[in-house]
Amino acid sequence: MKKLLVLGVGNILMMDEGIGVHALHELLKEKDQWPDESIDLVDGGTFTQDIFYLFVEYEKILVLDIVKGGNTPGTIYRLTESDLRQNEKQTLSLHDIDLLDSLGMAKMISGKAPELHVLGIEPEKINWDMKLTPTLETIFPEYVKLARQEINTLLSN
């Protein structure tokens, strides 16, 4: 069993909706800095329940995605599974239901579910375009830096 799955999700054709995938691809450029036996970085795209089977292979999952929490665009969130279940105002773009359902399916199959962590960011605009909005483009390096820190923390715990 590997320790950590980093899952970048989102639709890169829909502006800020794709930031999790963009961040994942940035992290893939640095993949060799983490131990291969402990971590996998996966582009989950628009994430469907079809990949729930991956979850049973990991102790922890870090999801990179947008989070609509009603705050200023660019606000960064650190959330756990219980945060997602308790606060209906915060949603992981359109992927939150699939994600929580997938955790449940993983638990049914293996008897346990991985520990879920989310590093999310408040979007400014979701519309047809492959570019991030200027607001998220500006904060993108900080978001990737925080993702690196979160990975290192999760691997060391």
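Engineer: Can you help me understand the pattern of salt bridges in this one?
Structural biologist: Should the charged atoms of two oppositely charged side chains come close, the side chains can pair. A complete count under the given rule lists 4 salt bridges for this structure. Glu-30 serves as the salt-bridge partner of Arg-148, at 2.7 Å between the closest nitrogen and oxygen. Here the residue Arg-148 occupies a position in helix H5 (residues 134-156), and Glu-30 occupies one in the loop between helix H1 (19-28) and strand S2 (39-45), the gap between them amounting to 118 residues. Under the relative-accessibility criterion, Arg-148 is labelled partly exposed at 25%. One salt bridge connects Arg-78 with Glu-150, and the closest N-O pair in it is separated by 2.7 Å.

Engineer: Whenever I open this one, the sheet that holds strand S5 (residues 115-121) confuses me. Can you help?
Structural biologist: Across a sheet, paired strands are connected by hydrogen bonds in the backbone, their directions being either parallel or antiparallel. Pairing in this open sheet of 5 strands is mixed, and the strands run S2-S1-S3-S5-S4 from one edge to the other. Of all strands in the sheet, those bounded by a partner on one side alone are S2 and strand S4 (76-80). Neighbour to neighbour, the strand axes of the sheet diverge by 20° on average, direction disregarded. Here 5 bridges tie S4 to S5, and the two strands are oriented antiparallel to one another.

Engineer: Explanation requested: a nonpolar patch on the surface in the structure shown.
Structural biologist: Side chains of Ile-12, Leu-13, Trp-128 and Met-130 sit close together on the surface and give an oily, nonpolar patch of about 430 Å² of accessible area. With respect to the secondary-structure elements, Met-130 resides in the loop between S5 and H5.

Engineer: For this particular structure, what's the right way to read H5?
Structural biologist: Because each turn of an α-helix spans 3.6 residues, side chains separated by three or four positions in sequence point in the same direction. Over its 23 residues, H5 runs 34 Å from end to end, which matches the ideal 33 Å to within 8%, given 1.5 Å per residue. The sharpest bend along H5 reaches about 45° and sits at Phe-140, with the proline Pro-141 one to four residues further on. Three or more residues of H5 are buried, namely Leu-136, Phe-140, Tyr-143, Val-144, Leu-146, Ala-147, Glu-150, Ile-151, Leu-154 and Leu-155. Turning to H5, the residues buried within the fold contact strand S1 (2-9), H1, S2, strand S3 (58-66), S4 and S5.

Engineer: Please explain the pairing of S2 as it appears in this structure.
Structural biologist: One face of the sheet, then the other: side chains in a regular strand alternate in exactly this way. One ladder, built from 6 bridges, connects S1 with S2; its direction is parallel. Paired with Leu-5 across the strands is Asp-40, a residue of S2. Taken together, S1, H1 and S2 form a β-α-β motif whose crossover is right-handed.

Engineer: Hey, could you run me through unusual backbone geometry in this one?
Structural biologist: In terms of backbone geometry, most residues other than glycine have negative phi values and most peptide bonds are trans. Its identity as a non-glycine residue notwithstanding, Met-15 has a phi of 55°, on the positive side. Inspection of the secondary structure puts Met-15 in the loop between S1 and H1. Residue Met-15 is classed as buried on the basis of its relative accessible area of 11%.

Engineer: Looking at this structure, how should I read the side chain of Asp-16?
Structural biologist: Positionally, Asp-16 belongs in the loop between S1 and H1. One buried charge, Asp-16, has no salt-bridge partner; the nearest side chain with opposite charge is Lys-125, at 9.3 Å. A distance of 2.8 Å separates the side chain of Asp-16 from the backbone nitrogen of Glu-124, its partner in a polar contact. With near-sequence residues (within four places) excluded, Asp-16 lies in contact with Ile-66, Pro-123, Glu-124, Lys-125, Leu-132, Thr-133 and Leu-136.

Calculation criteria
- Residues numbered from 1 in each chain as written.
- Predicted model: local features only at pLDDT ≥ 70, side-chain atom pairs only at ≥ 80, totals over all residues.
- Heavy atoms only, no water.
- Salt bridge = Lys/Arg side-chain N within 4 Å of Asp/Glu carboxyl O.
- Helix = DSSP H or I, 4+ residues; strand = E, 2+ residues; numbered from the N terminus.
- Buried < 20%, exposed > 50% of the residue type's maximum accessible area, 1.4 Å probe, protein only.
- Pairing = 2+ DSSP bridges.
- Axes fitted to C-alpha atoms, helices over the stretch in contact; angles between N-to-C directions.
- Patch = residues over 30% accessible without salt bridge, like charges linked within 9 Å, V, L, I, M, F, W, Y side chains within 5 Å.
- Areas by Shrake-Rupley, 256 points an atom, 1.4 Å probe, with all protein chains shown as cover.
- Expected span 1.5 Å × (residues − 1).
- Bend = angle between axes of the 7 residues up to and from the residue.
- Contact = heavy atoms within 4.5 Å.
- Right-handed = clockwise from strand over helix to strand, strands pointing away.
- Lys, Arg positive; Asp, Glu negative; His and termini not counted.
- Polar contact = N/O pair within 3.5 Å; in protein donor to acceptor, adjacent residues only side chain to side chain.

Keep in mind that these numbers describe shape and distance, not what the molecule does.
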